[in-house]
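Observations on the three-dimensional arrangement
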Amino acid sequence: MRQLASRLRRLPPACGPVRLIGVDGHAGSGKSTFAAALAEATGGAPVLHLDDIASHAQLFAWTERLLAQVIEPFERGESARYTPYDWRARRFGAPRTLPADPVVLVEGVGAGRRALRPVLSCLLWMDVPAEQAWARGRSRDGEEQREFWDGWVAAELGHFAADPSRPYADALVRQLPEGYEVLPGPRGGPGPHPDVTHGEGPAAMW
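Residues numbered from 1 in each chain as written. Predicted model: local features only at pLDDT ≥ 70, side-chain atom pairs only at ≥ 80, totals over all residues. Heavy atoms only, no water.

**Points about the overall build of the protein**
Helix and strand counts for the protein stand at five helices and 11 strands. Its C-alpha radius of gyration of 16 Å places the protein within 12% of the 17 Å reference for a compact globule of 206 residues. Taken along the three principal axes of its C-alpha coordinates, the protein extends 40 × 40 × 35 Å. Residues classed as buried in the protein amount to 49% of the 206 residues present. In the protein, the proportion of contacts linking residues at least 24 apart, taken out of those at least 6 apart, comes to 66%. As displayed, the protein has an accessible area near 9800 Å², and 51% of this comes from carbon and sulfur atoms. (Helix = DSSP H or I, 4+ residues; strand = E, 2+ residues; numbered from the N terminus. Rg over C-alpha atoms; globule rule 2.2 N^0.38 Å. Buried < 20%, exposed > 50% of the residue type's maximum accessible area, 1.4 Å probe, protein only. Contact = heavy atoms within 4.5 Å. Areas by Shrake-Rupley, 256 points an atom, 1.4 Å probe, with all protein chains shown as cover.)

Given below as structure tokens:
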């Protein structure tokens, strides 16, 4: 994981001074866990969760809010301030600051969307088949979220049909019994070379 982090730090910034790294994949594919481990390996890179940008009313129609609250400040070399969405209260909360650090991770379904790719230094795709990822997500969230998941799956299918991310990924990330396998993505761009990353003890969570 540290080797992957080192490679990402050496990429040229594409969003002002920030090397913005997208971690995309189907819901339930392990994006948050992987992003947390990668952030730790970089020495504490900030992580923006797109669950904080999306909302019940706009599961995928959040591009303008992300651009205004995060991307445009980064392009000016300024810290971002965004209003995270509370999925239980169904409202946006108090603003949070996201520093324009050398590396910032943005994880969530749609992180590799067309509007964001020009400002990403690298796009990583969690390479888990959709049905497998959704089954994991449903199991994680329980029966009380069944109705939400039914609506989510339809929305996600529509999103990726119109604006796919995987064909533009620099690298594909596959979870192994221990660690992750990182393979060249369809784009074959500036992303990492084939590698297997390993955790550094229990805190790595794999």
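Here the narrative resumes.
**Re the side chain of Ser-29**
With respect to the helices and strands, the residue Ser-29 is situated in the loop between β1 (19–24) and α2 (31–41). Separated by 2.7 Å, the side chain of Ser-29 and the backbone oxygen of His-26 make a polar contact. Look past the residues within four positions of Ser-29 in its chain and what remains in contact with it is Met-126, Val-128, Ala-133 and Arg-136. (Polar contact = N/O pair within 3.5 Å; in protein donor to acceptor, adjacent residues only side chain to side chain.)

**Remarks on empty space enclosed by the protein**
Under the criterion given, the structure shown has one cavity of 30 Å³ or more. Lining the largest cavity are Arg-117, Leu-120, Cys-122, Leu-123, Tyr-168, Asp-170 and Arg-187. Counted by class, the lining of the largest cavity contains four nonpolar, no polar and three charged residues. (1 Å grid on protein atoms, 1.4 Å probe; cavity = no way out; pocket = protein on both sides within 12 Å on 5 of 7 lines; lining within 4 Å. Points joined across faces, edges and corners; volume = space filled by probe spheres on them. Nonpolar A, V, L, I, M, F, W, Y, C, P; charged D, E, K, R; others polar.)

**Description of the confidence of the model for the protein**
When pLDDT is low, close inspection of the predicted coordinates is not appropriate. Looking at the protein, pLDDT values average 90 and 91% of them are 70 or higher. Every residue in residues 190–196 is under pLDDT 50, and counting partners more than four places away or in other chains gives 25 contacts. Confidence drops under a pLDDT of 50 for residues 198–206, and excluding neighbours within four residues, the segment shows 16 contacts in the predicted structure. (pLDDT = per-residue confidence, 0-100.)

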